[in-house]
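Secondary and tertiary structure notes
The lines below spell out each chain.
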Amino acid sequence: GLASLHGLEKLGTMSSPGFYLTISNDDGLTSLDGLDGISEVESLTIAFNDALGSLGGLHDLTRVAGNLTIQKNPGLETLAGLEALREVDTAFVLDDAALRSVRALAGLEAGDVILSNTPSLPTCEAQWLAATISGTVRYDRTDDSGTCPP
């Protein structure tokens, strides 16, 4: 698989509500650097990328008109890179065993978040997100004994 997405920077010129982007099943991919400039997509799926440790290349993404799905990326500990995201229909974060923080979603102004089977994510982190954004946050199978920053 690919180790990086460098060379795909021109995808940023394709940003539009009709643009569907799926990044999946790449065991060698460590980052999303190279997706700079993408500000809006219809749908975004990032799934089954065993070595992915960062969403940093998505720092320009402000809107996902449909669903954002982040699923089974065992190296992903945070959602850092999504700080600019303001609008999403529903963000699904599923089966990401190492995920410890969802603070990057604090800027969401519209949309709902579903956190499921994220056993390293402190429950208080999910509760913090629910108190921070205007949309609904649903969560299950989080770490009830985990601690959160003040």
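A short tour of the structure in this document, coming up. Please read these numbers as outputs of a predicted model, since none were measured by experiment.

**Structural notes on the state of the cysteines**
A complete count under the given rule lists one disulfide for this structure. The partner cysteine of cysteine 124 in its disulfide is cysteine 148, sulfur to sulfur 2.1 Å. A torsion of 100° about the S-S bond marks the disulfide between cysteine 124 and cysteine 148 as right-handed. Placement of the pair is cysteine 124 in helix H1 (residues 123–132) and cysteine 148 in the segment after strand E7 (137–140), with a sequence separation of 24 residues. In this structure cysteine 124 comes out as partly exposed when scored by relative accessible area, which is 25%.

**Side note on the pattern of salt bridges**
Enumeration over the complete set of coordinates arrives at five salt bridges. Arginine 63 is the salt-bridge partner of glutamate 40, the closest N and O atoms lying 2.6 Å from each other. One end of the pair, glutamate 40, is in strand E2 (residues 40–41); the other, arginine 63, is in strand E4 (residues 63–71), and 23 residues separate them in sequence. When its relative accessible area of 25% is taken as the criterion, arginine 63 is described as partly exposed. Residue aspartate 140 is joined to arginine 141 by a salt bridge in which the shortest nitrogen-to-oxygen separation is 3.0 Å. Assessed through its relative accessible area of 32%, aspartate 140 is described here as partly exposed. Accessibility expressed as a relative area gives 52% for arginine 141, which makes it exposed.

Thresholds applied
Residues numbered from 1 in each chain as written. Predicted model: local features only at pLDDT ≥ 70, side-chain atom pairs only at ≥ 80, totals over all residues. Heavy atoms only, no water. Disulfide = S-S within 2.5 Å. Helix = DSSP H or I, 4+ residues; strand = E, 2+ residues; numbered from the N terminus. Buried < 20%, exposed > 50% of the residue type's maximum accessible area, 1.4 Å probe, protein only. Salt bridge = Lys/Arg side-chain N within 4 Å of Asp/Glu carboxyl O.

Taken by themselves, the reported measurements are silent on function.
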